[in-house]
Structure formats: C-alpha cells, structure tokens
Amino acid sequence: MTIGAPAGAAQFMALSAVLFSLGLYGALSRKSAVMVLMSLELMANAVNLNLVSLSRFTDPAAMTGQYFAVFSMVVSAAEIGLGLALVLAIYRQKKTIELEAMEELKG
Amino acid sequence: MAETVNGVAFFLLAFASIGGAVMMLSTRNVVHAALWLLETMLATAGLYLLLDAEFLALVQALVYAGAVSVLVLFTIMLTLRRREDAVRPFEPGWGALALAALFGGAMLLAISRAPLPVGVMPESVPTMADFGRVLFTEWAVPFEIASLVLLVALVGAVWWSGGDRR
C-alpha cells in the first residue's frame, strides 16, 4: 500500500488482523490476569473494526456491521467488568493476580 | 457517486493504533500498558470516524477510552501492594509470539488474495438519527437482550467484587 492512496476494505482488514494478532500474542503470553484481559479487549476491538469497515464498504445504508459492533461492544464491556471483578475476588483470596498462582485445577 | 477514505488520515490512525498495541505489549509497567491501550482505543475511535460511524466513535470513546480504562486502572491499583509491583519481569513468550505471527500471516495472506472492495466506497451515509431509529425498531429485541446482559453483568460484578461480608 502506498501511503496517501485511498484506503479500502483490504487495508482496514489488514489493520484489524494485525491488531488481533497482537492481542492474541498478549493474551497467550502474559502472566498477569489484568494484562490478559487488556489483550482480550484489543482482540474485541479488532473484530469491531472489521465489522464496521466491511459494512461501510459493502452496504453502508443497512449499517448491519455497526449494529453488530454495538452488541459486540456490550458483550465485551460485560466481559471486562466481570473479568476484573473476578480478578479482584481472586486477589482477595490469594493476594496475587499472577496466573501461575491459579493452578487448583491443574492435573 | 462515491467517496474514499483519506489515505493519509488512515495511515496516521493505523500507525497510532498499531503503535499503541505494540507499546502496550512491550512496556513492562502495567499502568503504562493500560494507558497505551487507551491510546489504541482512541485511535480506533478515529478510524470509526473515517468510516462515517459517528455513533460508534462516540461509544468507543465513552465506553472503552472512558469506562473500561478507568476500570482497568482501578483494578491495577487495587491489586498492587507496592508501587514497584507495577513493573513486571520481561516475559517474551516465544511460543505465543510464533503462534500469533503465524495466525496474522495467514490472515494477511488471505486478505491479500480475497476479492475485496477497493478504496472507493458507496456513498449514502445514514445519519445518527437513522441509526437510532433502526436500532429501536428492527433491532429492538437484541437491544433489550443486550441491556439485560449488561444488567446481569453489573449485578454479577458487584456480587463478585463485593466486600468480605460473606
């Protein structure tokens, strides 16, 4: 892509794929529960961007992607709220939020 | 009649969002990571503006940049006993990096080969009023379900993070 050329759906999807991969890397590699949740937010963000851009480039009048993105935002807001509440609950029990400390179910 | 997305603005915002994500993952301080996530979210709001999704840009700025980052920062501060705990050891996670790079590479290859619409996009941009009207008519049932989900999540979050009375 040359800088300055009009951006199309492919550019938006490529940006979204890069953001999603970065979020995937963070979610898999971090050892702090808060960092994992932040990486999940990054992935949800990339998905929303994909929905909105494809909706804009194919059928902007219907705005379907925007509605999907709104509902996806609701779900990810609920997820981060519950996730952080869970992190606080775990911190109160274990005094740490390192994922390595949560291994009761480890076989 | 058709219009395009300004390439320079797109490049700047894409650079801001990817740069924010990279900095979020490369910084060792958790508080700095939360602030870089905030920057990425704001850049994404700008991208929504480029895509004529004003309402989503607003929601993005309010919910992600406002509420979620405050929530994350509060959780970080409540779960740190000392100031030095915010700085974490270097954790590269080479396996995760390889997996994510493989996934991203496959995605980029698929995108480069797919017959996607080019830079010219159809006009006919509905206004925010149209957005609201359709949301409360065609999408009314999913909207109500979404509000129920948020209510349940709110009650659950209060229940889980509530005091030590139980």
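Quick note: structure is the one above.
The written sequence of each chain sets the order in which its residues are numbered from 1. Each chain gets a letter, beginning with A, and each ligand a number, beginning with 1, in the order they are written. With pLDDT at 70 or above as the cut-off, local features in this predicted model cover only qualifying residues; side-chain atom pairs require 80 or more to be listed or tallied, and sums for whole chains, interfaces and linings still use all residues. With hydrogens and water stripped out, all remaining heavy atoms of the structure feed into the side-chain values.

(A) The interface of chain A and chain B, seen in detail. On the chain B side, the residues contacting the 73 residues of chain A number 81 residues. Surface buried jointly by chain A and chain B totals about 6800 Å² across both partners, of which 78% is contributed by carbon and sulfur atoms. When two components associate, each loses some accessible surface as probed by a 1.4 Å sphere; the sum of these losses over both components is called the buried area. Together, Met-38, Arg-56 and Tyr-67 of chain A form the three largest contributors to the area buried by chain A at its contact with chain B, with a combined 11%. For this analysis, a salt bridge means a side-chain nitrogen from Lys or Arg found within 4 Å of a carboxyl oxygen belonging to Asp or Glu. For Arg-56 of chain A, the salt bridge identified is with Asp-52 of chain B, shortest N-O distance 3.0 Å. Two N or O atoms count as a polar contact when they lie within 3.5 Å, although within protein this holds only if one can serve as hydrogen donor and the other as acceptor, and sequence-adjacent residues are included solely when both atoms are side-chain atoms. At the junction of chain A and chain B, the tally comes to 10 residue pairs in polar contact (both at pLDDT 80 or more). Every element with two or more residues in the side of chain A that touches chain B is listed here: α1 (9–29), α2 (33–58) and α3 (64–94) of chain A. Per-element accounting of the side of chain A that touches chain B gives the leading share, 23 residues, to α3 of chain A. Three classes are used: nonpolar for Ala, Val, Leu, Ile, Met, Phe, Trp, Tyr, Cys and Pro, charged for Asp, Glu, Lys and Arg, and polar for all others, with Gly counted as polar. Class assignment of the residues belonging to the side of chain A that touches chain B gives a composition of 50 nonpolar, 16 polar and seven charged. Two residues form a contact once any of their heavy atoms are found within 4.5 Å. Under the scheme used here, helices are H or I runs from DSSP no shorter than 4 residues and strands are E runs no shorter than 2 residues, and both carry numbers assigned from the N terminus.

(B) Structural detail: the nonpolar core. We call a set of buried residues a nonpolar core when its members are Ala, Val, Leu, Ile, Met, Phe, Trp, Tyr or Cys and they connect through side-chain atoms within 4.5 Å of each other. Burial here depends on accessible area, computed with a 1.4 Å probe over protein chains only, as a share of the maximum for the residue type. Under 20% is buried, over 50% is exposed, and the range in between is partly exposed. Ranked by size, the top nonpolar core spans 62 residues in total, and within it Phe-12 and Met-38 of chain A together with Phe-10, Tyr-48, Leu-56 and Val-72 of chain B carry the most contacts. Sorting the residues of this core by element identifies α1, α2 and α3 of chain A together with α1 (7–26), α2 (30–50), α3 (54–78), α4 (94–113) and α5 (128–137) of chain B as the ones contributing at least two each. Residues in contact with Leu-56 of chain B, not counting those within four places in the same chain, are Val-52, Gln-66, Ala-69, Val-70 and Met-73 of chain A together with Tyr-48 of chain B.

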